[in-house]
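# Results of the structural survey
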Amino acid sequence: MRILLTGTSGQLGNALLSHLPRLPATAVVHAPQRAKLDLSNATQLRQCITDFKPDLIINPAAYTAVDLAESEAEKAHAINAIAPAIMAEEARKLGAGLIHYSTDYVFSGDKSDAEGNWQAYTEADATGPLNVYGQTKLAGEQAIVASGCQHLILRTSWVYSNFGKNFFLTMLKLARERDQLRVVNDQWGTPNSADWLAAATCEILAQLQQANDAVTWWQEFGGVYHLSASGKTNWFAFATAIIELADQQNKLGKAAPQISGIPASEYPVPARRPHNSLLSTEKLQTAFGLSIPDWRITLDACMQGVQLSVSEPLYLTTQAQGQAK
Ligand SMILES: NC(=O)c1ccc[n+]([C@@H]2O[C@H](COP(=O)([O-])OP(=O)(O)OC[C@H]3O[C@@H](n4cnc5c(N)ncnc54)[C@H](OP(=O)(O)O)[C@@H]3O)[C@@H](O)[C@H]2O)c1
């Protein structure tokens, strides 16, 4: 299987790069950096795909600067909407598959029951992004679906890792520097470690590799899915869990800071964010039989630097055969 992988300097792309070589069948992974493949350059992107002729494109690359996107809408649109549209079009011409990642920010974040309790979004729920980033990610999804290519769109939320730029590393840094922290406590969701997202993706890929007929597999399983750990928290409680864990493992080098929760209204930022980012994974579990860990388990693994796998994964059942180039 020839895989074109984007965004390997990012959290998820980096995690995928280290998981992909352990797929059961041989995978040749071509993972050009931005200097060789700028996704905002349509000609370069088409050329890269037609030259490499992938069986599968995996696209974790994205314009992810949510606040900056408000003033750089065109740039965000080029990377989050136009580039996936080109990937989808070229994938369809080649008969290749496309695995693309999207976000909880395609929703408005106000889904609740009659008592006002937040409800998890399903794939069937109406979208309604609150900010430019969410709008461009939704446009990318829609272009992929409209292209008719074989695709999986995996929506996830609150991605973190011990690599790259993210809330987990920011909280650890601040906890080492400060004695008091104020963190938003009225936005709810589920944190997802990039490592677990990569492991889950590879489990799905292993199922594709072991299918008798790839075209039939895509017909049966292609579509939009929510890929997320289980459980529910808010940014304040997530920060508290990160710092408590780091403190228990003596990773702060000082006393843990005092953390207080504040409403989002006291932390003004350019982009509006959803209050409810919860994603239902029922469809994913039914389709692929994945077991979904609680977010605290994946946080613990990230803190310890342990690479995760899904339970009894297909993709770890054979010797490593892949190669990255
Ligand atoms: N982060 C989150 O909390 C979150 C939440 C929900 C969904 N998601 C989605 O999950 C996926 C993975 O996110 P992530 O957190 O891993 O992203 P990330 O760490 O911000 O990485 C983004 C990657 O995209 C690359 N990229 C950006 N613009 C590019 C361009 N013009 N040409 C080539 N490469 C470019 C970046 O390269 P450079 O290093 O060169 O900039 C980087 O490798 C994305 O689809 C994102 O929308 C993320």
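A brief structural summary. (Residues numbered from 1 in each chain as written. Predicted model: local features only at pLDDT ≥ 70, side-chain atom pairs only at ≥ 80, totals over all residues. Heavy atoms only, no water.)

Ser-9, Arg-34, Thr-64, Tyr-133 and Lys-137 are the nearest of the 25 residues found near the ligand. Burial of the ligand by the protein chains amounts to 83% of its free accessible area of 910 Å². Put simply, the parts of the chain that give the shell around the ligand at least two residues each are helix H1 (11–19), strand E4 (97–103) and helix H4 (132–147). Element by element, the count of residues in the shell around the ligand is highest for E4, at 3 residues. Looking at side-chain class alone, the shell around the ligand contains 11 nonpolar, 10 polar and 4 charged residues. (Near = heavy atom within 4 Å. Areas by Shrake-Rupley, 256 points an atom, 1.4 Å probe, with all protein chains shown as cover. Helix = DSSP H or I, 4+ residues; strand = E, 2+ residues; numbered from the N terminus. Nonpolar A, V, L, I, M, F, W, Y, C, P; charged D, E, K, R; others polar.)

This next bit is on the environment of Pro-270. Here Pro-270 shows up in the loop between strand E12 (258–262) and helix H9 (282–288). Considering only alpha carbons, one finds Pro-270 and Gln-210, 60 residues apart in sequence, at a separation of 46 Å. Setting aside residues no more than four positions away along its own chain, Pro-270 makes contact with Asp-67 and Glu-70. (Contact = heavy atoms within 4.5 Å.)

Taken as a whole, the second largest pocket encloses approximately 210 Å³ of empty space. Considering the residues around the second largest pocket, the lining is formed by 18 residues, among which Ala-15, Ser-161, Asn-162, Asp-195 and Val-306 are closest to the centre. Elements with a contribution of two residues or more to the lining of the second largest pocket: H1, helix H6 (194–209) and helix H10 (295–304). Sorting elements by how many residues they give to the lining of the second largest pocket places H1 first, with 4 residues. The residue makeup of the lining of the second largest pocket, split by class, is 8 nonpolar, 9 polar and 1 charged. (1 Å grid on protein atoms, 1.4 Å probe; cavity = no way out; pocket = protein on both sides within 12 Å on 5 of 7 lines; lining within 4 Å. Points joined across faces, edges and corners; volume = space filled by probe spheres on them.)

A few words now on helix H8 (residues 235–248). Over its 14 residues, H8 runs 20 Å from end to end, which matches the ideal 20 Å to within 8%, given 1.5 Å per residue. Of the positions making up H8, those classed as buried are Trp-235, Phe-238, Ala-239, Thr-240, Ala-241, Ile-242, Ile-243, Leu-245 and Ala-246. Where the residues of H8 are buried, they touch strand E6 (159–160), helix H5 (167–177), strand E7 (180–184), strand E11 (233–234), E12 and H10. The distance from a side-chain oxygen at the start of H8 to the backbone nitrogen of Phe-236 is 3.0 Å, and the residue carrying that oxygen is Asn-234. At the C-terminal side of H8, Asn-250 shows a positive phi close to 50°. (Expected span 1.5 Å × (residues − 1). Buried < 20%, exposed > 50% of the residue type's maximum accessible area, 1.4 Å probe, protein only. Polar contact = N/O pair within 3.5 Å; in protein donor to acceptor, adjacent residues only side chain to side chain.)

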